[in-house]
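This is what each chain is made of:
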Amino acid sequence: MATRITESSLSRRSLLKASGAAAGLAIAFRVPVRARQATPEPSPDLGVVNSRGIDYNGSIVFHPLGNEVDAYLTIGEDGKVTLKTSKMEFGQGIRTGFMQIVAEELDVDVEDVIVDMGQTDVAAPEFGTFGSLSTQMSGPVFRQAAATMRAWVLELAAEDLGDSVDELTIESGVITGPSGSRTFAELASGKASEREISQEVALKDPADYKIVGQPLPRVDLAAKATGKQVYGIDVEVEGMVYGKVVRPPSLDATLDSVDFSEAESMPGVVGTVHEGNFAAIVAERKDQVEAAIKAVKASWTESGSTITSETIFDVLKETADDGQPLDEEGTAGDPDAALANVEGAETYTYLLPYLSHSPIEPKSAVVDVREDGVDVWVSTQDPFSSRAAVAKHLGRDESEVIVHGMHPGGAFGSKIVPQVEIEAATISKGVGRPVKLIWDRIEEFMFGQFRPAMRIEITAGLDENNAIAGWRYDAYTGGYYPEGAKVPTGSASDWSANIHEIYPDVAETKTTLYNGVTPLPPYFWRVNGATSNTFARESTIDILAEKAGMDPVSFRDTMLENNPRLAAVMHAAVDSAGWTPGVGSTGEGFGLALGFDANTYIAQVAKVEVDAETGELKIVQFDVALDPGLAVNPEAIKHQIEGGVVQSLSAVLREEVKFENGKLTNGTFSQYAPILMRDAPPVINVTILSDPTQPMGGIGEPGVAPVIGAVANAVYDAVGARMFRAPFTPERILAALGKNTATPES
Amino acid sequence: MAETKITINGQEHTVPVSDDATLLWVLRDDLKMKGTKYGCGMTECGACTVLIDGKPGRACVTPLSAVAGKEVTTIEGLGDEENPHPLQQAWIEAGAPQCGYCQSGQILAAKALLDSNPNPTDEDIDEAMSSNICRCGTYTRIRQAIKAAAGQQS
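Quantities reported herein were computed from a predicted structural model and do not represent experimental measurements.

Quick notes on the rules
Residues numbered from 1 in each chain as written. Chains lettered and ligands numbered in written order. Predicted model: local features only at pLDDT ≥ 70, side-chain atom pairs only at ≥ 80, totals over all residues. Helix = DSSP H or I, 4+ residues; strand = E, 2+ residues; numbered from the N terminus. Rg over C-alpha atoms; globule rule 2.2 N^0.38 Å. Buried ≥ 20, exposed ≤ 12 C-beta atoms within 10 Å, placed from the backbone. Contact = placed C-beta atoms within 7 Å. pLDDT = per-residue confidence, 0-100. Pairing = 2+ DSSP bridges. Axes fitted to C-alpha atoms, helices over the stretch in contact; angles between N-to-C directions. Parallel < 35°, antiparallel > 145°, perpendicular 65-115°, else oblique. Left-handed = near helix turned anticlockwise from the far one by under 90°. Nonpolar A, V, L, I, M, F, W, Y, C, P; charged D, E, K, R; others polar. Core = buried A, V, L, I, M, F, W, Y, C linked by C-beta atoms within 7 Å. Domains from an automatic or database assignment.

### What about the overall build of chain B?
Moving on, step 1. Each helix and strand counted, chain B has five helices and five strands in total.
Moving on, step 2. When the helices and strands of chain B are placed in sequence order, the string is β-β-α-β-β-β-α-α-α-α.
Moving on, step 3. For a compact globule of 154 residues, the expected C-alpha radius of gyration is about 15 Å, and chain B comes in at 15 Å, within 12% of that figure.
Moving on, step 4. For the C-alpha atoms alone, the extent of chain B along its principal axes is close to 50 × 30 × 25 Å.
Moving on, step 5. Scored against the burial criterion, the 154 residues of chain B give a buried share of 55%.
Moving on, step 6. Pairs at least 24 residues apart make up 59% of the contacts formed inside chain B by residues separated by at least 6 positions.

Written out as structure tokens, the structure is:
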């Protein structure tokens, strides 16, 4: 694919706007979209945008039929089937999965389905691409739209051929009956018709599936192995210049003054922008803007934050609000009373640090602000949030802004909050030219968002029958009340906090999420809350199992009678792993953890080696079993699970954002040190227990959450070290073993 | 106006910059070879890996003067979607890429390894590949692809 060049925005829009009901056949459908009633006004102060971002979370609503929000599935005159969606592909495989879903229901070849992604001028504002929701939420809608199209083309062919619909069959886009055959191309030719999606049309029986459920290779592999995949950072438009933002030395600093005088005279510099807290310089070439930014003199007033990555866990508790109960209706009990007379009831405290997303492609955008419209090319998980943010920031109507959502080079939750596109838009407006803005690695580490730190306290004990007598769960975090937000913006930290999601029968529980101060702006990181909560829950379950004198599997079995799908994946994972635990000091250990997220049941077993002398932890093997309901593409699922395991292992073994005085102290790749090939497990076995009669579950996140619990339990099995703080560095493992943990410099 | 000559994938180019310009941005912006990626600009991630006289180098900190008279190979010099290099083919068959952003650098690092060591052990692979970061977590598939490609070469 060639680099996109800006066309006249108006002609492009008039060309594409009509594409829904252009030549051919179109099924109009509605997708689950986000309500924006909870949207805070973006601050006019760009400094706040830089460090805090703007949150566009809201609730999911299904627009009723007749709403103007339309998306289309079309058959063109060439017989090709096109689906327009604002979901984004970034290697998770949804493009291929959507192709399979449409091809299956419509009986066309997968190659004849085109999935057009991320163009806000032709797609509907679906829920953004996060939360493992794409296949789960949009998949069923696309399936119904394809079934409606199938019924329609059958009807057209029957009319044309003079046969009845039940006499017709479809194969590879050709409809055949007693009187002859018609291709999709023939049926679509010369037409410009549109129909509404019908919920009445029957779907294909999953037992007859030939395409869905097949492990097809992802369609994006060849482009990615040959350097041809186009990412946001690769976009070039005519007349484009490079921008660079003047950054503060620490978060939440305010800009007192900026002096461009020396920088302005440097080679290639074409302009500067200064608006409130925001300052930027622009040059013709990348090298030139890099040189020029070094010559900009700015003075800042820093916030003087005294919170550090060590004190944060006390701060979270000290600044906690009154708490938000997370128990479902009718399940809250009184664990304090239930545990009052339980011998051996204890409180276990788990600490998890801030994490960085750090995709290898940093935030990147090209924005062209013109009088006749605004074009935005950006690596994003959510093109419509980008559109809303840019429009608001420029004071333009959303219809004047077209976002060309580009394939992100990694995202993990970092490309949802609009930041780089707002900055690039501000600069483009200031200099009157299209501007490309690429964050450098230091900016990427420091000025985006972070998986929030959490402190989780579980108080639990066993009754005389070795059942859990009470379970009090207090989670402290600073999450999701970003500065400037007038209302809470959703609390992902509560995901998987409630023990009933996993073990439905535990009585006398009380689950509370407390929000406190966060010095770093928090946001979703993969499946952030679930990772933290799974660490605490699954570690505590293992502690209780040992107290009960039972092995971790049998103990969980006693609590999974009413969660059979989870019990099934647990046994599948344990079987796959060759589960032979034996608590002690062998140095080799197995650990189990369970999870439920995005309607997918998952169990993971870590096999580890721990050197009790050095504290070194090595992951030897990982075994995963999951039940995602209908599995659209088992190959893509397997790859997503493997990736989720490895990225999560990186967090478990190494990752921790360190900060003091409002500055990151390990904000480079070499300091933050994500895991490398030598640290990755040589073997990851994935078992899929697919039930095609169940709804399609999400995949990206379920694989991430249980990893830390499985590794924590495996470390304990290997050397008897119970881990309460992540990451599990050699120093912390030695400390858990009661060994000298003096750091080299002390 | 300044001009510098460089040889990329066996072809000589004249670019309108002085020889202190950074190879990465000359490749991407002047020669429109965008397969070489920017990741950190400080040699720490490997996304910009190219081969300089067959050895892996980091284009993000390499001035053109450092490649004068040398042969630079980028991902575009290996193969394309119609005619992929055996390593690229192995990458496709192993389904290695997820987001794909680091993979040009990974493939060139693997090429340098196999060119000097056609039958690497697991340790050799870990050693040669452990300066290229993949955040999607595709390491096990990359290892598998390198082994498959090595098998074909031997």
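### Concerning the overall build of chain A
Moving on, step 1. The number of helices and strands found in chain A is 20 helices and 32 strands.
Moving on, step 2. Burial analysis of chain A (746 residues in total) assigns 57% to the buried set.
Moving on, step 3. Sequence separation of at least 24 residues holds for 79% of the intrachain contacts in chain A that already meet a minimum separation of 6.

### Thoughts on the confidence of the model for chain A
All names here are of chain A.
Moving on, step 1. For chain A, the mean per-residue pLDDT works out to 88, and 88% of the residues sit at or above 70.
Moving on, step 2. Counted against residues more than four places away or in other chains, residues 1-21, with its pLDDT under 50, gives 35 contacts.
Moving on, step 3. For the stretch residues 35-67, pLDDT sits under 50, and the model shows 80 contacts to residues farther than four places along the chain or on other chains.

### Some words on the pairing of strand S9 (residues 180-183) of chain A
Moving on, step 1. Where strand S8 (residues 174-177) of chain A meets S9(A), four bridges bridge the pair, whose relative direction is antiparallel. Bridging across to S9(A), Gly177(A) finds its partner in Gly180(A).

### Concerning unusual backbone geometry
Trans peptide bonds make up the majority, and among non-glycine residues the majority have a negative phi.
Residues and elements named next belong to chain A.
Moving on, step 1. Here alanine 726 and proline 727 are connected by a cis peptide whose omega angle stands at -5°.
Moving on, step 2. Secondary-structure assignment places proline 727 in the loop between helix H19 (707-719) and helix H20 (730-736).
Moving on, step 3. Backbone geometry at asparagine 466 places phi at a positive 60°, although glycine is not the residue there.
Moving on, step 4. Inspection of the secondary structure assignment puts asparagine 466 in the loop between strand S24 (454-462) and strand S25 (468-477).
Moving on, step 5. Of the residues examined, asparagine 466 has 15 C-beta atoms within 10 Å and is grouped as partly exposed.

### Comments concerning the packing of helix H3 (residues 103-116) of chain B against helix H4 (residues 122-129) of chain B
Residues and elements named next belong to chain B.
Moving on, step 1. Remark: H3 packs on H4, axes separated minimally by 10 Å, with the N-to-C direction vectors making an angle of 135°. When the interaxial angle is binned, H3 and H4 end up oblique. Here the hand of the crossing between H3 and H4 comes out right-handed. Residue-level contacts link Ala109, Ala110 and Leu113 of H3 to Ile125, Ala128 and Met129 of H4.
Moving on, step 2. In terms of residue class, the contact of H3 with H4 is made up of six nonpolar, no polar and no charged.

### Thoughts on the sheet that holds strand S7 (residues 169-171) of chain A
Residue and element names in this part refer to chain A.
Moving on, step 1. Taken in spatial order, the three strands line up as S7-S8-S9 in an open sheet, and their pairing is antiparallel. Each edge of the open sheet carries a strand with a single partner, namely S7 and S9. Neighbouring strand axes in the sheet, compared pairwise and without regard to direction, differ in orientation by 25° on average.
Moving on, step 2. In this structure, S7 lies alongside S8, joined through three bridges in antiparallel fashion. When the sheet's bridge partners are listed, isoleucine 170 is paired in S8 with isoleucine 175.
Moving on, step 3. Against the sheet, helix H4 (residues 134-161) makes contact with S7, S8 and S9, and its axis sits at roughly 45° relative to S8, the strand it touches most.

### Digging into the sheet that holds strand S4 (residues 55-58) of chain B
Residue and element names in this part refer to chain B.
Moving on, step 1. Pairing in this open sheet of five strands is mixed, and the strands run S2-S1-S5-S3-S4 from one edge to the other. Edge strands, defined here as strands with exactly one partner in the open sheet, are strand S2 (11-15) and S4. Averaged over neighbouring strand pairs, the angle between their axes works out to 40° when direction is ignored.
Moving on, step 2. Summarising the sheet, strand S3 (residues 49-52) and strand S5 (residues 71-73) pair through two bridges and their orientation is antiparallel. From the neighbouring strand, leucine 51 faces S5, where its bridge partner is threonine 73.
Moving on, step 3. Each of S3 and S4 is contacted by H3, which is oriented at about 35° to S3, the strand it contacts most.

### Some points on the nonpolar core
Moving on, step 1. One finds Val102(A), Val711(A) and Val715(A) to be the most contacted residues of the largest nonpolar core, which totals 268 residues.
Moving on, step 2. Among the elements that take part in this core, H19(A) stands out by supplying ten residues, more than any other.
Moving on, step 3. Counting residues domain by domain, this core receives three or more from each of domain 1 (4-77) and domain 2 (86-153) of chain B.

### What about the interface of chain A and chain B?
Moving on, step 1. The interface is formed by 47 residues belonging to chain A together with 46 residues belonging to chain B.
Moving on, step 2. For the side of chain A that touches chain B, the secondary-structure elements that each account for two or more residues are helix H6 (221-225), helix H8 (286-294), helix H17 (634-653) and helix H18 (669-672) of chain A.
Moving on, step 3. Tallied by class, the residues present in the side of chain A that touches chain B amount to 20 nonpolar, 13 polar and 14 charged.

### Quick look at the domain arrangement of chain B
All names here are of chain B.
Moving on, step 1. Here the domain parsing of chain B yields domain 1 (4-77) and domain 2 (86-153).
Moving on, step 2. Counting from both sides, the interface comprises 14 residues of domain 1 and, opposite them, 13 residues of domain 2.
Moving on, step 3. Looking at the side of domain 1 that touches domain 2, the elements with two or more residues in it are S3 and S4.
Moving on, step 4. No other element matches the three residues that S3 contributes to the side of domain 1 that touches domain 2.
Moving on, step 5. Taken together, the residues that form the side of domain 1 that touches domain 2 break down as seven nonpolar, five polar and two charged.

### A short note on the packing of helix H2 (residues 86-94) of chain B against H3(B)
Residue and element names in this part refer to chain B.
Moving on, step 1. Relative to each other, H2 and H3 sit at 125°, their axes nearing to 10 Å. The orientation of H2 relative to H3 falls into the category oblique. Handedness of the crossing formed by H2 with H3: right-handed. Between H2 and H3, the residues in contact are Leu87, Gln88 and Trp91 and Gln103, Ile107, Ala110 and Lys111, respectively.
Moving on, step 2. Among the residues forming the contact of H2 with H3, the class breakdown is four nonpolar, two polar and one charged.

### As for H2(B)
Moving on, step 1. Among the residues making up H2(B), those that are buried are Leu87(B), Gln88(B), Ala90(B), Trp91(B), Ile92(B) and Ala94(B).
Moving on, step 2. Once H2(B) ends, the next one or two residues include Gly95(B), with phi positive near 60°.

### Considerations on the environment of Phe130(A)
Residues and elements named next belong to chain A.
Moving on, step 1. Its place among the elements puts phenylalanine 130 in the loop between strand S6 (113-117) and H4.
Moving on, step 2. Through-space distance from the C-alpha of phenylalanine 130 to that of aspartate 372 is 32 Å; in sequence the pair is 242 residues apart.
Moving on, step 3. In this structure, phenylalanine 130 is in contact with Gln381, Gly413, Ile416 and Phe524, ignoring residues within four places of it in sequence.

### Details of the environment of Met696(A)
Residue and element names in this part refer to chain A.
Moving on, step 1. Relative to the helices and strands, methionine 696 is located in the loop between strand S32 (683-688) and H19.
Moving on, step 2. On the basis of neighbour count, methionine 696 is assigned to the buried category, with 25 C-beta atoms found within 10 Å.
Moving on, step 3. In the structure, methionine 696 is positioned 69 residues away from aspartate 627 in sequence and 9.7 Å away in space, judged by C-alpha atoms.
Moving on, step 4. Dropping the residues within four chain positions of it, methionine 696 is found in contact with Thr135, Gln136, Gly139, Pro628, Gly629, Leu630 and Val632.

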